[in-house]
Every structure is written in structure tokens, then in C-alpha cells.
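Notes for the structure review
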Amino acid sequence: MDKALVIDVGKCTGCRQCELACSYEHTGTFNPARSRITVFDFHEKARFVPYTCTQCDQAWCQQVCPVGAISNENGVKVVDAATCVGCKVCTIACPFGTVNYEPASGKVIKCDLCGGDPACARACPTEAIVFADVAVQGFEKMRAWAEKTDTAPQASA
Amino acid sequence: MAWARKILRVNLTEGTCKSEPLNMEWAMQYLGQRGLATKYFVEEVDPKVDPLSPENKLIMTTGPLTGTNASTAARYSVVTKGPLTNCIACSNSGGYFGAELKNAGWDMIIFEGRADKPVYLVINDDEAELHDASELWGKSVWHADDWIKEKHQEPMFQIAAIGVPGEAGVLFSAVVNNKHRAAGRSGVGTVMGSKNLKAVAVRGTRGIKVHDQEAFDKAVAGAKAVIAGNAVTHEALPAYGTQVLMNIINELGALPTRNARDVQFEGANDISGEAMHEPRRSDGKPNLARNAGCFGCTIACGRISQIDPAHFSVKDKPQYHHASGGVEYENAWALGADTGVNDLEALTYCNYRCNEHAIDPITTGATIASAMELYKIGALTDAETGGVKMEFGSAEALVAAVDAICEGTDFGKLLGLGSKRLCEKFGHPDLSMSVKGQEFPAYDPRGIQGMGLTYATSNRGACHLRSYTVASEVLGIPEKTDPLVTDGKAGLVKIFQDLTAFVDSSGLCIFTTFAWSAEDIAPQIDAACEGDWSVENLMTVGERIWNLERKFNMDAGMTAEDDTLPKRILKEAAKTGPAKGLVNGLDKMLPEYYELRGWTPDGKPTEETLSRLGIS
Amino acid sequence: MHHLIIGAGPAGVRAAEALRAYDPQAKITLIDGEGEAPYSRMAIPYFLSGKIGEQGTWLHRPLEFYAENGIDLVRGRAAKVDAGTKTVTLEDGQSLSYDKLLLASGARAVNPPVEGLEGDLVHHCWTIDDARAIEKLAGKGARVTLMGAGFIGSIILEALVMRGADLTVVEIEDRMVPRMLDETAGNMLKAWCEKKGVKVLTSTRIGGVYEGGGELNIALSNGETLKADLLVVAAGVTPNIECMDGTGVEKRTGVVVNARMETSLPDVWAAGDCAEGCDFSTGDLSTLAIQPVAVEQAVIAAKNMAGIEAEYHCALPMNVLETLGLVTTSFGKHDGLEEGARATLLDADEWRYIRLEFNDGKLIGAQTVGHVSMAGCLRGLIQGRMPLGPWEDVLKTQPHRVAEAYVDLSRGVS
């Protein structure tokens with residue numbers, strides 16, 4: 001994976017066009033409740049934080065899936081809805097809370113980067129979400145955080 | 001498609017929540033939101049109803065585009081008969097509430113009757129249930145928002161609520177959603193309070209589809225590009241919000257100051273959009289923390305401010321030290337220029353309080369301004385103000401007066417009458433800067449002539465959001481007209497009124513029209529909805545809505561005599577600025593306007609006009 | 001280099017995959033003791049409810065995965081490990097040598113000391129073979145008694161109901177899932193099941209089971225006798241570690257492992273239900289027997305076997321359960337510490353509950369009823385040992401804002 005969603009919370013206005021785009025891309029309807037990206041509104045801190053999967057290397061969601069429903073496609077962890085039985089083990093295994101059970105479908109959902117052209121980034125009017133080289137600053141910050149909460153710190157690899 | 005095709009009828013007297021199909025025949029005539037809810041209201045409610053009686057109804061309504069990815073498709077409206085105006089009231093709000101309601105599968109909620117004890121409504125998609133609100137009664141909007149989320153363990157609820165003034169009958173109480181987005185005007189929150197309805201909490205997960213998705217994608221993408229390419233919607237509004245206007249309108253000599261005694265405010269720059277960016281001397285931080293958008297908005301004019309914690313208004317009140325909704329232009333004008341107060345932090349505090357307790361900041365500021373004038377001439381004294389020195393320019397007085405309204409003190413109750421009833425009570429009715437009981441906002445009709453006709457003929461009492469001719473007269477949108485003349489303004493007002501009426505019925509924000517023409521809007525509605533939604537038809541829909549509102553008001557007892565302006569605007573010439581020496585020429589515009597509308601000389605829609613528009 | 005893995009459950013299979021990734025040249029052998037395609041027990045309830053076929057329980061489809069990835073799948077049960085000669089002997093006498101050995105032999109269901117649990121109408125629900133037997137007996141209208149409302153019992157409860165069985169659950173403790181849920185949550189779950197038509201008897205013991213006339217008579221400690229067409233026993237599991245007898249490996253309930261999943265024997269690692277490693281919540285050794293821990297331990301073990309140093313933070317107890325539509329979760333020290341602090345929020349009418357346990361400015365445990373959104377954040381907060389800062393006070397009164405707290409703390413907004 002050479003590109004990733006790079007999120008600059010300073011630019012987010014909380015318009016939720018990303019949630020609209022994501023839900024439309026994946027469900028064919030405008031339905032933020034079924035979006036894989038969620039904008040958190042920290043109203044009292046004057047911050048909006050778009051939040052989604054960072055496609056972390058550890059991929060506990062994938063490792064833990066009892067039926068092999070989550071695959072790694074060039075670094076992107078993708079749920080195969082047809083295989084998923086909705087057991088939710090991945091939803092507790094992911095320490096970021098970015099794999100979620102969706103009652104409407106009885107399956108889990110997570111960001112799949114829309115197969116390489118993420119709808120959220122295309123829809124963002126302020127470039128708070130861009131699909132960019134992983135080398136870009138900001139993404140590294142998120143990665144660093146992901147490592148901090150890694151359940152298995154590694155000396156190498 | 002686009003419409004959820006379902007309405008929720010909540011009978012508060014009986015405690016029942018029932019689903020019924022949306023009347024699609026009416027939807028084809030009135031589109032949605034403002035228009036469609038007005039149609040329902042007019043069909044169901046006696047125009048002579050006492051606004052605060054159980055017989056009045058209150059409708060929360062979305063438009064067909066609400067909740068879609070069209071830019072600004074956040075809007076919902078509250079329609080009722082307003083206690084401030086005794087006219088049809090229709091207040092419009094953004095935030096996230098409307099889209100959530102739509103996503104729960106409802107085009108509108110009709111509240112009828114009155115609960116025997118305080119209740120709040122919880123909607124989870126198809127399920128709607130009334131809950132006991134006795135623990136919330138007497139508490140603020142902010143408290144109610146937190147409390148309901150905690151009680152139901154649902155942080156994703158979008159909540160609209162009233163504050164203590166709405167419970168207590170303050171006549172300009174608003175309905176505030178998302179803690180700082182208001183259906184602000186005409187006392188819609190007062191009606192909600194009279195029904196013992198504290199709040200509505202919604203979670204919607206059903207999803208929204210449109211009629212022709214491919215055409216919709218194309219229309220929406222094109223329209224978003226127009227917003228992104230427009231200097232007002234892409235640069236000025238995100239950077240300064242509506243507050244970009246403060247210095248512009250002041251320079252134009254159209255900033256009503258000290259209860260419209262003046263038309264220019266020497267402190268305008270201190271409370272302007274530019275000032276909100278300036279680092280404060282006290283803590284080096286600007287008042288403005290960031291801009292914010294409502295649901296789906298690619299403009300993001302919203303202001304999120306943070307008050308200087310050392311400011312006198314919040315010194316011992318850490319509960320106001322966090323960020324929240326900052327002043328928009330109308331609020332900054334009403335609380336600031338109109339009271340002569342140039343203290344941005346005080347204005348921000350008062351704005352917080354207006355949101356926290358759901359009162360209309362325009363009427364709040366303008367009523368305080370009228371009280372300051374009554375105080376100046378000695379008609380109102382310390383005995384009535386509880387010792388507050390109500391002097392123009394006093395930030396302390398402003399803060400004390402707003403607190404008084406929120407807290408319901410004796411002085412607060414007086415102010416809670418609004419300026420018209422307050423000034424009448426103290427023997428000076430002409431000091432109320434209102435039309436049909438509602439205070440006019442931040443554009444002086446002596447400096448912007450078209451706004452005089454806008455205020456005089458607005459169906460919900462004085463208001464800028466019924467025909468914003470400022471766009472043309474000041475900003476040159478769609479074309480520049482001279483703000484100091486009356487020629488051509490009748491036609492301009494009519495077009496703006498009709499355009500606004502259909503935009504307000506679509507789910508879109510009227511601010512898009514800084515960039516969008518009707519030709520940008522129509523294809524989005526046409527793609528989203530079944531039926532013919534050409535520009536021509538939409539303008540007819542707008543005209544139909546306007547006439548239906550007008551007819552309701554006439555049936556409610558309004559006459560052409562109510563289509564007027566405060567004496568000061570008609571008789572006292574502007575003292576400074578480009579409009580120096582001018583009064584508003586309403587008498588030159590009004591007859592022409594009636595004629596263009598197809599109304600009789602005494603302002604009644606003719607049978608011919610009504611039948612042409614399909615209004616029975 | 002030959003990596004030999006005993007056990008083809010999730011731990012064994014994930015370890016094999018990880019070894020293949022980290023040690024591309026090595027020979028990898030996976031011993032499968034059940035004679036099945038490697039499958040996941042977690043998927044059995046969905047097989048039983050008819051949501052998936054048997055293949056749906058497989059860890060990899062198609063089965064060619066193993067050959068294609070150079071993983072030799074050997075059928076048979078490991079009878080004896082000889083750590084001196086570095087060989088494993090299978091029950092059929094076959095002997096396999098290894099350079100590095102991973103014990104991922106899992107656990108097996110056990111019977112409590114109750115008379116009459118040997119008959120044909122009594123089954124565990126642990127293996128796919130058990131499930132096949134239950135499938136035959138638990139048809140529509142069949143009278144089924146479930147012994148034990150622990151995690152395993154509760155996870156198959158729904159499947160039994162969905163099969164149309166007339167279900168009675170008998171649990172010794174005073175509530176459902178007593179090791180995962182507190183009294184409030186465990187009894188909410190009980191009430192929910194009862195609302196859905198399941199009879200749940202708590203604080204009740206099965207005294208004896210008697211077969212006669214093609215049906216079971218199940219004697220209860222409350223004096224009643226239940227008639228049943230099937231008794232499903234879900235009363236606990238025990239690690240499969242008999243093959244380690246005589247090796248001198250350090251063991252308690254399971255084979256003891258350190259943070260690198262090493263046993264006390266050279267070149268022998270253990271992971272999953274058979275391993276007893278550090279418990280995050282207590283700091284003591286324990287066998288948690290849960291899927292997330294099994295696969296995480298397996299990956300850690302595989303890395304170390306491949307020469308990549310990796311340490312496990314310790315196993316965090318966590319479970320998620322959906323029972324007839326009601327989702328419950330439990331994380332970490334869900335019952336808290338005496339010296340810690342607690343926040344609870346209950347809305348019994350709406351079937352919602354949150355309990356958070358704090359200590360030293362951090363979250364140490366949690367349980368929820370009726371929540372599905374962003375559950376993983378609870379793990380992140382607990383296992384990341386994230387200092388809550390100002391959020392501690394917020395969460396103590398508004399525990400439902402835990403996802404918000406996590407995002408704020410992790411994205412550095414504060």
C-alpha cells in the first residue's frame with residue numbers, strides 16, 4: 001500500500017460529505033449511519049475528527065476472523081460480506097474500533113479504500129481527507145499512534 | 001424517493017405516535033419542508049387559533065433533498081402559528097438534526113395537542129416514543145442534549161430542544177438543535193413549550209435514495225463546483241461567515257444602531273468578522289476558533305468561538321469557557337450595534353446564552369435595544385430593570401438583560417414579551433422596531449430600500465430571510481441594483497420571495513443562492529424527485545407557498561395595515577452615511593408589489609390569483 | 001528449518017500463515033487432530049443456525065490454500081512429544097521430527113461430575129462433529145436442554161432457538177455468562193432470553209440424567225425433572241496437553257508460556273487454548289480460551305519461531321456475544337478492582353447497560369449490553385493503558401462517551 005487516507009483535522013468543517021460519499025459508495029443510499037468513516041464532533045473543543053481504519057499492519061481483524069472473511073489486498077483489509085457471519089469478534093479485536101457491526105446487513109463493515117479511489121477523499125470539500133502517499137506527514141503521526149496501541153510491540157518487522 | 005413518504009403524527013394530549021403516508025398530491029404542489037408543512041398546517045389548523053393553545057400544531061419538517069449529498073442539504077423547518085406575530089411562523093435550521101430525521105424515514109413530524117406533563121420524543125428509525133421529561137423541565141438545551149444522550153446511552157442522537165424561556169412563555173423562544181443551530185424566529189420554541197414538549201431526539205439509519213441517481217450525481221457535482229468557484233461561498237463565508245457583512249453594511253449606512261436611532265455604528269469594526277480573527281490582547285487567541293459546516297455543507301459559514309476566559313461575562317463561569325457557536329452577522333448586530341455594545345466577547349457570551357436557552361438572538365438584542373431607549377427616555381426605570389442600568393453601549397447591561405431572560409427574573413419576563421409588547425406596555429409603541437410583532441434584523445431600510453418592502457410584506461413578520469434583496473442591492477447578486485432607490489424593488493422582492501420559498505421547501509440552505517441561480521438548483525430537485533421541477537414550475541411553487549401563507553395570515557385577521565414599517569424608518573431620516581436624509585419609501589413600493597402579486601389594493605390575494613395557483 | 005505445529009485450529013493455522021510469511025524458506029507442517037478441514041469453533045453456531053454450511057466454518061477456502069502455501073497438513077493426533085530427540089509421535093505411530101515446535105492443540109469440552117452424561121442424546125457443542133450430532137437431534141420443536149450458560153453455552157443458545165428447538169437453559173451460577181458479565185448484565189441477558197421464549201434456570205444444578213423411552217429425564221436441584229430430546233453440555237473446557245506428559249514442561253492448567261510464547265522447553269512454543277500465559281488484567285498466568293488471544297499468541301509465537309523477536313502484552317480477556325439480537329461485550333477486568341473506581345449506566349427498559357472500571361487514571365475493564373458501535377475502542381483504551389486525563393471525570397458520569405474519548409485521546413485533539 002503506497003497510498004493512504006491522510007486526515008488533517010484542522011481542515012475538517014464537520015460537513016459529513018465523506019460519510020455521505022462512503023455510504024453511497026457501499027450501500028447505494030445516503031446513510032451516514034452505514035458509513036465506514038465517522039466524523040466526531042468535539043464541539044466544545046472546536047474540532048471535527050474524521051475517523052476510519054488506518055489499514056494497520058497488525059490487522060488483528062483479519063487474524064482473528066474465524067471464517068477468513070477478511071483478506072489483505074495489497075495492504076488493504078477487505079471484508080468479504082458473503083463470507084462474514086457477523087460474529088463480531090473482529091469488532092472487539094480491533095483496538096481502534098474501526099471495524100463495526102452493521103445491524104442492517106448483519107455483517108461487519110470497515111474501510112476498504114473503495115478499491116483504490118476512496119469516495120470520502122473525493123467528496124471532501126476542504127482537503128481534510130486526501131488519498132496521498134504514505135510518506136506524507138500526518139499519516140505518519142497516525143501510524144505512530146497505531147504502533148503505540150499495538151497489542152504486540154515488535155523489535156523489528 | 002427523496003421524500004421518505006411518511007409523516008409522524010404525535011398527539012401529545014393522547015400520548016400517541018402514529019405513522020401516516022405523506023400526501024404526495026400536496027408534495028407535488030408544495031415540494032416539501034416550508035411549503036408542504038404550511039399546506040398541512042393550513043389544512044388542519046384554524047387560522048384564528050390561539051398560538052399557545054393545544055389547538056395550535058407544530059410541524060418539524062424536512063425537504064426532499066434533506067440528508068442527500070447535495071451541498072447544504074441539512075435543512076429542516078419548524079412551522080406553526082407564531083405567538084410573537086400571530087402569523088404563520090416558519091423557522092429554518094441546519095446542523096445535523098434534519099438529515100437524521102430524514103434518515104430515520106420521516107418527512108415531517110406533526111405535533112398536536114398538549115401533554116399533561118413534560119415529555120420528550122425519541123425516534124429510532126420507525127420507532128417513536130414519548131418519554132417523561134420532568135427531570136429536564138427547568139433545564140437548558142445544552143443540559144437536555146447531554147442528559148438524553150446519557151439516559152439512552154446514545155451519543156449519536158441528534159437533538160432539538162427548548163430552554164427555560166420556551167417553557168416559561170418567552171415569546172421569542174427558539175428550537176435549538178445540536179446545541180447551537182436554531183430554528184430561531186417568531187417564537188416557534190414558545191409553541192413547543194406550550195405543548196409541554198421539551199425535546200426531540202432522533203437516530204436514523206435507514207438511508208435516503210433519490211429518483212434519478214445518475215442525473216442527481218451530475219447535477220450535484222456541477223452545483224458543488226459552482227459553490228467552490230464562487231468568491232462569496234468559497235472565500236468570504238468560510239473565512240468570515242455572515243459576519244463579512246458587518247463593515248460593508250456599516251459603510252453603506254444601513255446598520256441599524258442604538259435601536260435604529262442611527263444607521264452607522266462607530267464600533268462596527270470591533271464586532272466584525274475581521275475582528276473575530278484578531279488575536280485578543282488578553283490571551284493572544286482570536287475569538288474565532290474555527291469555521292464549521294452543517295450537514296452536507298460545502299460552504300461552512302458557521303462560527304465556532306471561544307470566549308476569553310478572563311472576560312467579565314464568564315469570569316466565574318467555567319461552564320462557558322469551552323468553544324461553541326459564535327456570533328453570526330444578525331446576532332452580532334442585534335446584540336451589538338443595535339444596543340451600541342462593541343464588546344465582542346460580551347456578544348459571544350450572550351450568543352452562547354441564546355443557544356443554551358433557545359431564544360432568538362435577533363429579537364433578544366432588538367428588544368434589549370428598545371428597552372435601552374425606553375430607559376434613556378425614562379419610561380423604563382431601575383424599578384423595572386431590577387437595578388440594571390440599561391444604557392446604550394453598556395456590555396454589563398446587555399449581559400445582565402440576556403441573563404435575566406434566560407433565568408426568568410421579573411425584568412427577564414418583561415423583556416420576554418418582545419419589543420412590541422414591551423414598548424406598548426410602557427407607552428411608546430413606536431420604539432419597537434418590529435413589523436407584525438417581530439423585530440427587523442440587521443439591514444436598515446433607509447439605507448437598503450428593498451429591505452423595507454421585504455420587512456413590511458414578510459409573512460412571518462420582519463425578516464431578512466424571506467427576500468434577501470441585500471444580495472442584489474449590496475452584493476450585486478444576481479445583478480446590482482441601487483440600494484437607495486425604490487424603483488424596481490417591488491419586482492425584485494417578489495422574485496426573491498418566490499425563489500426563497502421554494503429553496504426553503506427543498507432542504508437546501510438559502511445561502512447557496514449567493515452562488516447558485518435557480519438554474520443550478522432546479523436540476524438537483526428535478527433529479528431527486530419525481531415530477532416536473534423546472535425553474536418555471538419551482539418559481540410557481542414558490543409563489544403558491546407565498547400566497548398560501550398570505551391567505552392564512554389574512555384569515556387569521558391580518559390586514560394591509562400590518563404591511564408597514566416602524567414610524568422611525570418611515571419618518572426619521574438617516575443621519576449619516578450614503579443614505580443621509582433618506583427614509584424608506586415603502587409607500588412607493590407597496591402598491592406596485594400588491595399589483596405584481598395579483599392582490600387587491602388592500603393586499604388580499606384575488607380569487608383569480610388563488611385559483612391560478614391552485615389554492616382553494 | 002522445520003516448523004511443526006500441533007493443532008489446526010485458529011491458533012495453529014494463523015501461526016502457519018505467519019511462519020510462511022516470516023520464514024519463506026522453512027518447511028511447515030500442521031498436524032490436524034480432528035480429521036477435518038481446519039475450521040473455527042467460533043463459526044459453529046452459524047453452521048448450526050443454518051446461516052452457513054460446513055465449508056463456511058473453514059479457516060481457508062479452498063483447501064488448496066495449505067498446499068499452495070507450502071504447509072503440509074498431516075492428519076492424526078499427537079500422542080507424545082519428545083523434546084530431547086525433537087520428535088512428535090502421533091497416535092497412529094507416525095513420528096515427525098521438528099526444529100521448532102508449536103503446541104496449538106487447543107482444549108476439549110469436559111463433563112462435570114453428573115450421572116448419565118454418556119448417552120447418545122447428550123452432546124457437547126465443541127467440535128464440528130458435535131455440531132453434526134446436534135443438527136440431527138435439535139430439529140423444530142425438539143425439547144433441548146442446555147447445561148451451562150457460560151460463553152460457549154450462550155453462543156450456541158441462539159443457534160438452538162433458530163433451529164426451532166424448545167430450549168431450556170440450566171446454569172449453576174446466579175446469572176448468565178457469570179465470568180463475563182456482572183449481575184446486572186447477566187440478568188438483563190437472562191430476562192432478554194426469557195422475553196424471547198427461552199426458559200432460563202439460574203442457580204440451578206443438574207443432578208442426574210436418565211435416558212428412557214428415547215427421551216431424557218433431567219433431574220434438577222430445584223426438584224423438577226425436565227424431559228428432553230437432547231442435552232447439550234457446555235460446562236467448560238480443559239487444555240489438550242497430555243502429549244507433553246513426560247517432557248517435564250512447566251504446566252499448570254495449560255502449558256506455561258512467557259511473553260514470547262516460549263515454553264520451559266527449548267524450541268517449543270505454545271499458543272491458544274492449551275497455553276497458559278500472562279493475563280493482562282491480573283498479571284497472573286491464565287488460560288483464557290478465546291479466539292482473539294489464540295490468534296494473537298499464535299502470531300507472536302510464529303514471529304519468535306522465525307527469529308523475529310516479539311513479545312505479547314499479555315492476554316486481555318474480552319468477549320462479544322449476540323444472543324437473539326442482544327449484543328453484550330466484556331473487556332479486561334470487567335468486575336474492577338477494590339481500589340479502583342466505577343461508572344455504570346443502566347437503561348433497563350431499552351436493554352442498554354455500560355459499566356466501566358477505572359484504576360490509576362486509566363480504564364481497566366468494561367462491559368456493555370445493547371451496544372454495537374466502536375466496541376474495539378474499549379480494548380484500545382484498556383490495552384493501550386491510555387491515561388484518560390480530563391476524560392476520566394467525563395466517563396465517570398457519561399460512560400457512553402467512551403468512543404469519543406478514545407478518538408480524542410488517540411488523535412491528539414486534547
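Within every chain, residues take consecutive numbers counted from 1 along the sequence as written. Just so you know, chain letters begin at A and ligand numbers begin at 1, following the order they were written in. This being a predicted model, a pLDDT of at least 70 is required before a residue's local features are given, and a value of 80 or more before pairs of side-chain atoms are given or counted; all residues contribute to the totals for chains, interfaces and linings. Each side-chain value is derived from all of the structure's non-hydrogen atoms; neither hydrogens nor water enter the calculation.

1. Description of the interface of chain C and chain A
- Of the residues lining the interface, 53 residues belong to chain C; the matching set on chain A comes to 44 residues.
- Of the roughly 4,000 Å² buried between chain C and chain A on both sides combined, carbon and sulfur atoms contribute 64%.
- A pair is scored as a salt bridge if a Lys or Arg side-chain nitrogen falls within 4 Å of a carboxyl oxygen belonging to Asp or Glu. The interface formed by chain C and chain A includes two salt bridges.
- Glu 322 of chain C serves as the salt-bridge partner of Lys 88 of chain A, at 2.2 Å between the closest nitrogen and oxygen.
- Polar contacts, as used here, are pairs of N or O atoms within 3.5 Å; protein pairs need one atom able to donate a hydrogen and one able to accept it. Residues neighboring in sequence count only if both atoms are side-chain atoms. Scanning the region where chain C abuts chain A turns up ten residue pairs in polar contact (both at pLDDT 80 or more).
- At the level of elements, helix H7 (291-305), strand E22 (318-323), strand E23 (326-332), helix H8 (376-383) and helix H10 (402-410) of chain C are the ones that each hand at least two residues to the side of chain C that touches chain A.
- Asp, Glu, Lys and Arg are counted as charged, while Ala, Val, Leu, Ile, Met, Phe, Trp, Tyr, Cys and Pro are counted as nonpolar; the rest, among them Gly, fall into the polar class. Residues belonging to the side of chain C that touches chain A are distributed by class as follows: 28 nonpolar, 13 polar and twelve charged. Note on definitions: a residue-residue contact is assigned when non-hydrogen atoms from the two residues lie within 4.5 Å. Joining two parts hides part of their accessible area as seen by a 1.4 Å probe, and the buried area is that hidden amount summed over both. Numbering of helices and strands starts at the N terminus; helices are DSSP runs of H or I of at least 4 residues and strands are runs of E of at least 2.

2. Thoughts on the interface of chain C and chain B
- Each side of the interface is counted separately: chain C has eleven residues, and chain B has ten residues.
- It is Asp 347, Arg 352 and His 400 of chain C in chain C that bury the most area against chain B; as a group they hold 51% of the surface buried on that side.
- One salt bridge in this structure joins Glu 154 of chain B and Arg 352 of chain C, with 3.7 Å as the shortest N-O distance.
- Remark: the boundary between chain C and chain B carries five residue pairs in polar contact (both at pLDDT 80 or more).
- For the side of chain C that touches chain B, the per-class residue count stands at four nonpolar, four polar and three charged.

3. Here we look at the domain arrangement of chain A
Residue and element names in this part refer to chain A.
- Bear in mind that the domain bounds are from an automatic or database domain assignment. By domain assignment, chain A separates into domain 1 (1-52 + 123-141) and domain 2 (55-110).
- Contacts between domain 1 and domain 2 engage six residues on the former and eleven residues on the latter.
- Between domain 1 and domain 2, a total of about 680 Å² is buried, with carbon and sulfur atoms accounting for 59% of that surface.
- For the pair domain 1 and domain 2, the interface holds one salt bridge.
- When the shortest N-O distance is used, the salt bridge between Arg 34 and Glu 102 registers 2.6 Å.
- Taken together, the links from domain 1 to domain 2 amount to two residue pairs in polar contact (both at pLDDT 80 or more).

4. Quick look at the state of the cysteines
- The rule for a disulfide is simple: a pair of cysteine sulfur atoms within 2.5 Å. Per the counting criterion, the structure on display carries one disulfide over all chains.
- Paired by a disulfide, Cys 278 of chain C and Cys 314 of chain C hold their sulfur atoms 1.9 Å apart. Handedness here is read from the sign of the S-S torsion; for Cys 278 of chain C and Cys 314 of chain C, about 90°, the answer is right-handed. With Cys 278 of chain C in strand E20 (residues 275-278) and Cys 314 of chain C in the loop between H7 and E22, the pair connects residues that are 36 residues apart, well separated along the chain.
- Between buried and exposed lies partly exposed: a residue is buried under 20% and exposed over 50% of the maximum accessible area for its type, with that area taken using a 1.4 Å probe on protein chains only. On the accessibility criterion, Cys 278 of chain C (26% relative accessible area) is partly exposed.
- Considering cysteine sulfurs only, Cys 61 of chain A is the nearest to Cys 94 of chain A, which forms no disulfide, with 6.3 Å between them.
- Looking at Cys 354 of chain B, it has no disulfide partner, and the nearest cysteine sulfur is the one in Cys 406 of chain B, 6.3 Å off.
- Residue class for Cys 354 of chain B comes out buried when judged on its relative accessible area of 1%.

5. Quick notes on the pairing of strand E9 (residues 158-161) of chain B
All names here are of chain B.
- Burial of the side chains of E9 extends over both faces: Gln 158 and Ala 160 are buried on one face and Ile 159 and Ala 161 on the other.
- Of the strand pairs in this sheet, E9 and strand E12 (residues 197-203) are connected by four bridges, and their pairing is antiparallel. Of the residues in E12, the one forming a bridge with Ala 160 is Val 200.
- Any two strands between which DSSP finds at least two bridges are classified as paired. By the bridge criterion, two bridges tie E9 to strand E10 (residues 175-177) in an arrangement that is antiparallel. In the strand pairing of E10, Ala 160 is matched with Asn 177.

6. Comments concerning the domain arrangement of chain C
Residues and elements named next belong to chain C.
- Under the domain assignment, chain C is made up of domain 1 (2-109 + 237-305), domain 2 (122-233) and domain 3 (325-410).
- The interface is formed by four residues belonging to domain 1 together with six residues belonging to domain 3.
- Ranking the residues of domain 1 by area buried against domain 3 places Phe 280, Ser 281 and Glu 296 at the top, with a combined share of 93%.
- The interface formed by domain 1 and domain 3 holds one salt bridge in total.
- Across the pair Glu 296 and Arg 379 runs a salt bridge, and its minimum N-O distance is 2.7 Å.
- Connecting domain 1 to domain 3 are two residue pairs in polar contact (both at pLDDT 80 or more).
- Considered class by class, the residues forming the side of domain 1 that touches domain 3 number one nonpolar, two polar and one charged.

7. Quick notes on the side chain of Glu 345 of chain B
Residues and elements named next belong to chain B.
- Checked against the element boundaries, Glu 345 lands in helix H12 (residues 344-356).
- Look at Glu 345 and you get buried, because its relative accessible area is 8%.
- Among the polar contacts made by the side chain of Glu 345, one reaches the side chain of Asn 287 at a distance of 3.3 Å.
- Not counting the four nearest positions on each side in its chain, Glu 345 is found in contact with Arg 280, Asn 287, Gln 306, Ile 307, Asp 308, His 311 and Ser 313.

8. As for helix H7 (residues 213-228) of chain B
- Multiplying one less than the number of residues by 1.5 Å gives the expected span of a helix. For H7 of chain B, built from 16 residues, the straight-helix expectation of 22 Å at 1.5 Å per residue is met to within 8% by its first-to-last C-alpha distance of 22 Å.
- When we look at burial in H7 of chain B, the residues that qualify are Gln 213, Phe 216, Ala 219, Val 220, Ala 223, Lys 224 and Ile 227 of chain B. One face of H7 of chain B carries all of its buried residues, which in axial projection span an arc of 135°. More than 90 degrees from the buried face of H7 of chain B, the exposed residues found are Glu 214 and Lys 218 of chain B.
- Along its buried surface, H7 of chain B packs onto helix H1 (17-27) of chain A together with helix H8 (231-240) and helix H21 (518-528) of chain B. Our arc is simply the arc of the directions from the helix axis toward the C-beta atoms.

9. Observations concerning the sheet that holds E10 of chain B
Residue and element names in this part refer to chain B.
- Read from one edge of the open sheet, six strands run E8-E7-E12-E9-E10-E11, paired in mixed fashion. Strands with a single pairing partner mark the edges of an open sheet, and in this sheet they are strand E8 (127-132) and strand E11 (181-183). The average undirected angle you get between the axes of adjacent strands in this sheet is 20°. Helix axes are fitted only over the stretch in contact, all axes being lines through C-alpha atoms; the angle between N-to-C directions runs from 0 to 180 degrees.

10. Comments concerning empty space enclosed by the protein
Residue and element names in this part refer to chain B.
- Think of a 1 Å grid over just the protein atoms. A cavity is a set of points where a 1.4 Å probe fits yet cannot get out, a pocket is an open set with protein on both sides within 12 Å along at least five of seven lines, and lining residues have an atom within 4 Å of a point. Grid points are joined across faces, edges and corners, and a volume is the space filled by probe spheres set on the points. With the rule as written, the count across this model stands at ten cavities of 30 Å³ or more.
- Its volume calculated, the largest cavity comes out at about 990 Å³.
- Where the lining of the largest cavity is concerned, the elements lending two or more residues are strand E5 (88-93), E11, strand E14 (302-306), helix H11 (329-335), H12, helix H13 (361-376) and helix H20 (489-503).
- Per-element accounting of the lining of the largest cavity gives the leading share, four residues, to E5.
- Taken together, the residues of the lining of the largest cavity sort by class into 22 nonpolar, 18 polar and ten charged.

11. Considering the nonpolar core
- Of all hydrophobic cores here, the largest spans 356 residues; its most connected members are Ile 249, Met 390 and Tyr 443 of chain B together with Val 88 of chain C.
- In contact with Val 88 of chain C, other than residues within four places in its own chain, are Leu 4, Ile 6, Ile 31, Ala 78, Lys 80, Val 81, Gln 94, Ser 95, Leu 96, Tyr 98 and Leu 101 of chain C.
- The next biggest cluster of nonpolar side chains, apart from the first, holds 28 residues, and it includes Trp 106, Ile 123, Met 192 and Leu 197 of chain B. For this analysis, a nonpolar core means a set of buried residues of the types Ala, Val, Leu, Ile, Met, Phe, Trp, Tyr and Cys, connected via side-chain atoms within 4.5 Å.

12. A short note on a negative patch on the surface
- What goes into a patch is any residue over 30% in relative accessible area without a salt bridge, connected to like charges within 9 Å or, for nonpolar side chains (Val, Leu, Ile, Met, Phe, Trp, Tyr), within 5 Å. Throughout, the Shrake-Rupley method with a 1.4 Å probe supplies accessible areas, and for residues the shown protein chains are the sole cover considered. Charged-residue counts in this description rest on Lys and Arg as positive and Asp and Glu as negative, His and the chain ends being excluded. Working definition for charges: the position is that of NZ of Lys, CZ of Arg, CG of Asp or CD of Glu. A contiguous patch of negative charge, built from Asp 212, Glu 214, Asp 217, Asp 526, Asp 532 and Glu 536 of chain B, is present on the exposed surface.
- Considering the arrangement of structural elements, one finds Asp 212 of chain B in the loop between E12 and H7.

13. A word on the pairing of strand E4 (residues 70-73) of chain A
Residue and element names in this part refer to chain A.
- Strand direction decides the pairing type here: E4 and strand E5 (residues 76-79), joined by four bridges, are antiparallel. Looking at E5, one finds that Ser 71 is bridged to Val 78.
- Where E4 folds back on E5, the antiparallel hairpin that results is connected by two residues, among which Asn 74 adopts a positive phi of roughly 55°.

14. Here we look at the packing of H20 of chain B against helix H22 (residues 535-555) of chain B
All names here are of chain B.
- Running from N to C, H20 and H22 cross one another at 95°; their axes reach a closest spacing of 7 Å. On the basis of their axis angle, the class for H20 and H22 is roughly perpendicular. Contact with H20, carried on its side by Lys 494, Ile 495, Gln 497, Asp 498, Leu 499, Ala 501 and Phe 502, involves Leu 538, Met 539, Gly 542, Glu 543, Ile 545 and Trp 546 of H22 and no other residues of that element.
- Residues belonging to the contact of H20 with H22 are distributed by class as follows: eight nonpolar, two polar and three charged. Oblique is the label for any angle not under 35 degrees, not over 145, and not in the 65 to 115 range, which are roughly parallel, roughly antiparallel and roughly perpendicular in turn.

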